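Chain and residue survey
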Amino acid sequence: MIHKDVLLPFSWWMNRSKAEKKQLPNAIRFLIQELLTVLACFLIGRAVLFDRISPFGIALYAALLSKRKGGMPAFLAVTAGMISLQFEPRTGGAFLAMLMVTGIWSLFGNKSPGWSIFKTAASVFLSLLASNTLVNFLSGYLAYEMLMGILESFIGFVMVFIFTRTVNVIWEQKKRQVLSGEEIICLCIFFSLLIIGFWDINILSFSVRNIFTILLILIAAHAGGAGLGAAIGITAGFMLSLASAPDPALMGNLAVCGLLAGTFKELGKPGTSVAFFLANIIMNYYINRSTYIILPFGEIAGAVLVFALIPQSAVSYLKQFSYTGVLRSEEQQHYGKRVQELTVGRLQEFAQVFKHLSKVFGRLSNRSTLARQEALSNLFDMVEIQICKSCPLSRSCWDRDFTQTYTGIMEMLSIYEEKGGIERKDIPGSFAKRCLNAQNLPDNLNLIFHTYRNNLKWQLRTNDFRQLVADQLEGVGQVVTELAAELDMDIRFRTGMEDTIRLELDKNGVLVKEVLVLEKPGGKTEVSIHKPACGGNRECLKVIEPIISKVMGKPMSRQFRECIRAGKPVCTLHLSESRQFEIVTGVERQPKKDSTICGDCYSFATVKDGKFMLALSDGMGSGARAAEESSAVISLLENFLEAGFDQSIAIKTINSILMLRSREEMYATADLCILDLVEGSAEFIKIGGVSSFIRRRDKVDIIRQPALPMGILEDVQLETITMPIQDEDMIIMVTDGVLDAFSAAGDGEQALAAFIQTLETVNPQELSELIMEEALFHLDGEAKDDMTVMTGRVWEPY
């Protein structure tokens with residue numbers, strides 16, 4: 001039977017709430033971190049160079065204070081470390097310097113949110129200099145001691161910067177994945193000082209301090225390769241030499257051993273260890289050619305044994321910190337260039353296919369003259385066969401007198417085209433005298449002419465349709481060509497900037513899988529980031545955008561502001577240069593009197609490359625019929641421009657569609673404004689549209705461009721007007737119904753411009769409503785035509 005006292009810990013744990021259970025691991029983690037902080041401060045406080053310079057504990061304590069960590073435990077640990085060596089006047093001076101650093105931090109740093117690392121380092125320098133000067137004067141002034149005090153103060157100043165980077169890596173509660181070269185060297189100096197702070201303990205005549213030094217180099221070489229192994233080796237050797245008798249041979253030996261060990265890191269831990277061992281043999285023979293061993297093989301064996309016991313998962317975790325990625329390898333560059341060439345080549349082939357199809361359809365559609373001649377020839381054949389075949393004078397009219405017969409039929413065809421039919425009196429006199437069937441000739445010719453006209457009409461429409469297809473194929477080919485040119489442009493991969501972005505994001509706790517920075521011709525930069533999704537917490541807007549903007553030195557923002565990856569595990573962000581301007585719109589519409597449907601149609605939408613479209617169309621007439629035509633124009637404009645088609649091709653295609661949709665006359669205006677919100681310009685295209693207006697701070701500009709609406713002429717002449725835009729500009733676009741309403745007061749354009757000038761509102765919706773209200777006032781409240789006012793306000797964000 002189990003005694004109830006045995007179950008007390010279990011019952012205590014089961015009775016705790018979920019919040020308390022969750023807080024317990026955090027408390028244990030905090031306790032472990034505090035113990036490690038105390039241990040590090042104690043060992044760093046014991047580190048001494050040249051047998052007398054020891055500013056390291058004070059510098060670490062100041063760095064921890066600046067990060068609001070450590071506190072009293074760190075102060076006591078550093079003090080205990082210094083006293084553990086020996087207690088002498090210099091120890092008292094160091095203690096006094098720590099008190100001065102604490103006082104400066106309490107009076108100034110703790111109350112200042114903008115307290116910089118430089119100010120912390122300066123406080124350490126001044127505190128050490130003041131305490132060393134005081135101790136020197138109390139002990140009897142010596143110039144040598146004064147110079148050493150100044151040197152110690154400078155070293156303390158520098159060490160604050162080194163330890164601050166170390167604190168950022170080790171003590172910050174962020175899971176780091178990438179370390180810069182500077183941070184790695186700072187960590188190496190920190191761990192070297194920790195090793196120096198160890199007591200000079202020997203086990204079986206082997207130095208524990210040297211074993212830990214070799215272990216540090218083995219780990220760095222295996223994780224980071226030859227470069228990192230050599231850097232850590234020479235740094236650790238240099239620090240050990242400073243802590244004891246100068247030993248350049250030890251420094252060189254550790255550097256070469258780290259270099260060769262890192263070279264063979266691909267062979268795993270055994271390869272790295274054997275390479276280090278062999279390098280030590282070579283360096284011993286090269287340096288002294290005697291039996292004197294610089295690094296005892298027993299110490300190397302001890303370090304290798306500890307190295308072998310380290311789990312591979314821990315070593316793999318350390319490898320990610322040695323990411324450099326400064327330059328891509330030549331093979332990767334060649335592979336990327338080859339893929340780019342193949343992609344561009346295939347796109348150009350596709351473009352040529354579309355252009356060839358366009359030429360084929362174009363040649364077919366250019367046969368209008370030939371089609372007319374062929375239809376006219378068929379007309380004469382029908383007249384000869386259906387009317388003249390049974391006449392005894394047929395051979396005389398169609399052989400000997402063909403010219404007179406041809407002239408007569410053409411005259412009657414001209415009359416038919418003009419009047420819609422011919423009568424007995426319309427037959428030319430000479431033709432009527434020779435024709436034996438003159439009595440029935442008008443009825444027969446009317447039937448034949450009607451068939452001729454219908455056949456010719458549909459044949460010409462077929463040619464128009466072929467031309468439409470040719471234009472569309474030409475447009476597709478042009479889009480593909482532009483896409484190929486965009487892929488083939490001189491795009492630079494800014495790998496250095498990629499490393500900086502990855503590092504800065506990592507410092508702020510943002511884990512990323514891939515960073516790509518592209519610089520296009522003209523200096524435009526795009527950044528793509530592949531990262532785990534944040535679950536809709538808007539990490540991209542709150543953290544990533546400010547960091548990217550700071551690193552790039554210019555405002556950068558996401559191309560799409562809404563979260564499109566919510567609920568998915570992976571998120572891909574595309575950031576480009578922020579728009580110089582933003583826009584907000586407003587619309588007010590009024591149908592014609594006694595109608596419930598407004599024949600005007602409008603649209604505003606974001607298109608590619610930071611541009612914004614304002615479009616307005618007025619269909620022929622009013623009501624549902626006009627709404628159908630204007631809606632077709634607007635929807636086609638949206639589709640063509642969002643797909644990347646050129647504006648001229650879009651307008652011509654829409655014009656052809658309107659001409660082919662019905663036998664009856666149909667047309668619609670197209671009033672288009674393309675705003676470049678990055679460069680700050682507005683491009684106006686008017687096909688039958690009335691004047692537009694730009695209200696600036698001190699004037700109103702009138703934009704006019706006379707042109708016929710679409711659906712009337714086969715060929716539309718496209719002209720553009722480009723105007724710069726400024727902060728708080730208001731762009732007003734109206735249909736003819738609004739302008740006609742203001743014409744009651746005189747010149748409609750000037751009257752509307754003068755009224756806009758009197759309005760002070762910056763709300764585009766309110767401005768549209770006020771203009772519509774004034775227009776209806778001039779019409780006594782009854783709209784004589786469909787009326788639409790669309791307003792866009794551009795503003796420069798702070």
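Details of the structure are given in the entry above.
All residue numbers refer to position in the chain's written sequence, counted from 1. Predicted model: local features are reported for residues with pLDDT of at least 70 only, side-chain atom pairs are reported and counted for 80 or more only, and whole-chain, interface and lining totals are derived from all residues. Side-chain numbers come from the whole structure's heavy atoms, not from hydrogens or water.

Along the protein, the regular secondary structure elements total 27 helices and 17 strands. Only protein chains enter the accessibility calculation, which uses a 1.4 Å probe; a residue whose area is less than 20% of its type maximum is buried, one above 50% is exposed, and one in between is partly exposed. Residues classed as buried in the protein amount to 44% of the 798 residues present. In this analysis, two residues are considered to be in contact whenever any of their non-hydrogen atoms come within 4.5 Å of each other. For the protein, restricting intrachain contacts to residue pairs at least 6 apart in sequence, the fraction spanning at least 24 positions comes to 69%. When the accessible surface of the protein is split by element, carbon and sulfur atoms take 59% of a total near 41700 Å². By the criteria applied, helices consist of DSSP H or I runs no shorter than four residues and strands consist of E runs no shorter than two, each listed in order from the N terminus. Only the protein chains shown count as cover for residues, and all accessible areas are computed by the Shrake-Rupley method using a 1.4 Å probe.

Glancing now at the pairing of strand 14 (residues 700-703). Here, a strand pair is defined by DSSP locating no fewer than two bridges between the strands. When strand 13 (residues 692-695) meets strand 14, the two strands line up antiparallel, connected through four bridges. Opposite I694, over in strand 14, you have D701 as the bridge partner. Joining the antiparallel neighbours strand 13 and strand 14 is a turn of four residues.

Geometry is summarised by axes, namely lines fitted to C-alpha atoms with helices restricted to the contacting stretch, and by angles between N-to-C directions that run from 0 to 180 degrees. One can describe the packing of helix 3 (residues 56-66) onto helix 7 (residues 143-170) by two numbers: an axis separation of 8 Å at closest approach and a directional angle of 50°. Here helix 3 lies oblique to helix 7, going by the angle between them. Remark: the crossing between helix 3 and helix 7 carries right-handed chirality. Residue-level inspection shows F56, A59, L60, A63 and L64 of helix 3 in contact with helix 7, the latter providing I155, G156, M159, V160, F163, T164 and V167. Asp, Glu, Lys and Arg are counted as charged, while Ala, Val, Leu, Ile, Met, Phe, Trp, Tyr, Cys and Pro are counted as nonpolar; the rest, among them Gly, fall into the polar class. In the contact of helix 3 with helix 7, the residues fall into ten nonpolar, two polar and no charged. Convention used here: angles under 35 degrees read as roughly parallel, angles over 145 as roughly antiparallel, angles from 65 to 115 as roughly perpendicular, and any remaining angle as oblique. Crossing chirality is assigned from the near helix's rotation relative to the far helix, an anticlockwise turn below a right angle marking it left-handed and a clockwise turn marking it right-handed.

A word on the sheet that holds strand 11 (residues 670-676). Strand order in the open sheet formed by five strands is 9-10-11-12-15, and the pairing between neighbours is antiparallel. Single-partner strands in this sheet number two, and they are strand 9 (600-607) and strand 15 (720-724). In this sheet, adjacent strand axes meet at a mean angle of 15° when their direction is disregarded. Across six bridges, strand 10 (residues 611-618) lies against strand 11 in antiparallel orientation. Paired with F612 across the two strands is L675, which belongs to strand 11. Against the sheet, helix 23 (residues 623-642) touches strand 9, strand 10 and strand 11, its axis set at about 10° to strand 9.

When two rings of Phe, Tyr or Trp (its six-membered ring) have centres within 6.5 Å they constitute a pair, described as stacked for plane angles under 30 degrees, edge-to-face for angles over 60, and tilted for the intermediate range. Within this structure, the stated rule accounts for eleven aromatic pairs. A ring pair is formed by F125 and F157, whose centres lie 6.4 Å apart and whose planes are at 85°; its orientation type is edge-to-face. Of this pair, F125 sits in helix 6 (residues 117-138) while F157 sits in helix 7, placing them 32 residues apart in sequence. Of the residues examined, F125 reaches a relative accessible area of 18% and is grouped as buried. In this structure F157 comes out as partly exposed when scored by relative accessible area, which is 23%.

Pairing in this open sheet of five strands is antiparallel, and the strands run 8-17-16-13-14 from one edge to the other. Of all strands in the sheet, those with a lone pairing partner are strand 8 (582-590) and strand 14, marking the two edges. Here the average twist between neighbouring strands, direction ignored, is 15°. Contacts from helix 26 (residues 748-758) reach strand 13, strand 14 and strand 16 (729-734) within the one sheet, and its direction differs from that of strand 14 by about 150°. Lying on the sheet, helix 27 (residues 764-778) is in contact with strand 8, strand 13, strand 16 and strand 17 (787-795); it crosses strand 8 at an angle near 25°.

In this section: the environment of G748. Looking at the secondary structure, you find G748 in helix 26. For the pair formed by G748 and S691, sequence separation is 57 residues and the distance between their alpha carbons is 9.9 Å. Apart from residues no more than four positions distant in its own chain, G748 is found in contact with L739, F742 and S743.

Moving on, we get to empty space enclosed by the protein. Where empty space is left can be seen by rolling a probe of water-molecule size over the atoms. For each structure, a 1 Å grid was placed over the protein atoms alone; sets of points admitting a 1.4 Å probe that cannot get out are labelled cavities, open sets with protein on both sides within 12 Å along at least five of seven lines are labelled pockets, and lining residues have an atom within 4 Å of a point. Grid points are joined across faces, edges and corners, and a volume is the space filled by probe spheres set on the points. Applying the stated rule across the entire model yields one cavity of 30 Å³ or more. What lines the largest cavity is simply A62, L65, V101, I104, W105, W115, T120 and S123. Residue assignment for the lining of the largest cavity shows that the elements contributing at least two residues are helix 3, helix 5 (89-109) and helix 6. Counting residues per element, the lining of the largest cavity draws most heavily on helix 5, which supplies three residues.

Our focus in this paragraph is the side chain of T120. Here T120 lies in helix 6. Here T120 falls in the buried class, since its relative accessible area comes to 4%. When neighbours within four sequence positions are excluded, T120 is seen to be in contact with A62, S66, W115 and V160.

So, on to unusual backbone geometry. Phi is positive for E728, close to 70°, though the residue is something other than glycine. Along the chain, E728 turns up in the loop between strand 15 and strand 16. In this model, D780 sits at a positive phi of 60°, which is unusual for a non-glycine residue. Here D780 shows up in the loop between helix 27 and strand 17. The class for D780 is exposed, based on a relative accessible area of 72%.

Turning our eyes to something else, we now look at the environment of Q590. Its location among the elements puts Q590 in strand 8. Here Q590 falls in the partly exposed class, since its relative accessible area comes to 27%. For the pair Q590 and M787, spaced 197 residues apart in sequence, the C-alpha to C-alpha distance is 5.1 Å. Setting aside residues up to four positions removed in sequence, Q590 forms contacts with C598, M772, L776, A783, D785, D786 and M787.

The next subject is the packing of helix 8 (residues 181-197) against helix 9 (residues 208-224). Between helix 8 and helix 9, the shortest axis-to-axis distance is 9 Å and the interhelical angle comes to 165°. On the basis of the axis angle, helix 8 is roughly antiparallel to helix 9. Crossing of helix 8 against helix 9: the hand is right-handed. For the pair formed by helix 8 and helix 9, the contact residues are C188, F191, S192, I195 and I196 on the first element and R209, F212, T213 and L216 on the second. Looking at the contact of helix 8 with helix 9, its residues break down into six nonpolar, two polar and one charged.

A separate point is the pattern of salt bridges. Salt bridges are identified by distance alone: a Lys or Arg side-chain nitrogen within 4 Å of an Asp or Glu carboxyl oxygen. Taken as a whole, this structure holds ten salt bridges when the rule is applied. Residue D701 is joined to R696 by a salt bridge in which the shortest nitrogen-to-oxygen separation is 2.8 Å. In this structure, E749 engages R704 in a salt bridge whose closest nitrogen and oxygen atoms are separated by 2.5 Å. Here R704 lies in the loop between strand 14 and strand 15 and E749 lies in helix 26, a separation of 45 residues in the sequence.

Okay, the nonpolar core next. Here, nonpolar core means buried Ala, Val, Leu, Ile, Met, Phe, Trp, Tyr and Cys residues that are tied together by side-chain atoms lying within 4.5 Å of each other. Counting 74 residues, the largest nonpolar core has F56, M159, F163, L193 and F276 as the members making the most contacts within it. Ranked by residues supplied to this core, first place goes to helix 8 with ten residues. Apart from residues lying up to four places away in sequence, L193 is in contact with L43, I44, A47, F56, M159, F163 and M239. I387, M412, Y416 and F449 belong to the second-largest nonpolar core, a separate cluster that totals 26 residues.

Among the eleven residues that make up helix 3, eleven are buried, leaving the element largely enclosed by the rest of the structure. Turning to helix 3, its buried residues number three or more, namely F56, G57, I58, A59, L60, Y61, A62, A63, L64, L65 and S66. Looking one or two places after helix 3, you find R68, whose phi comes out positive at around 60°.

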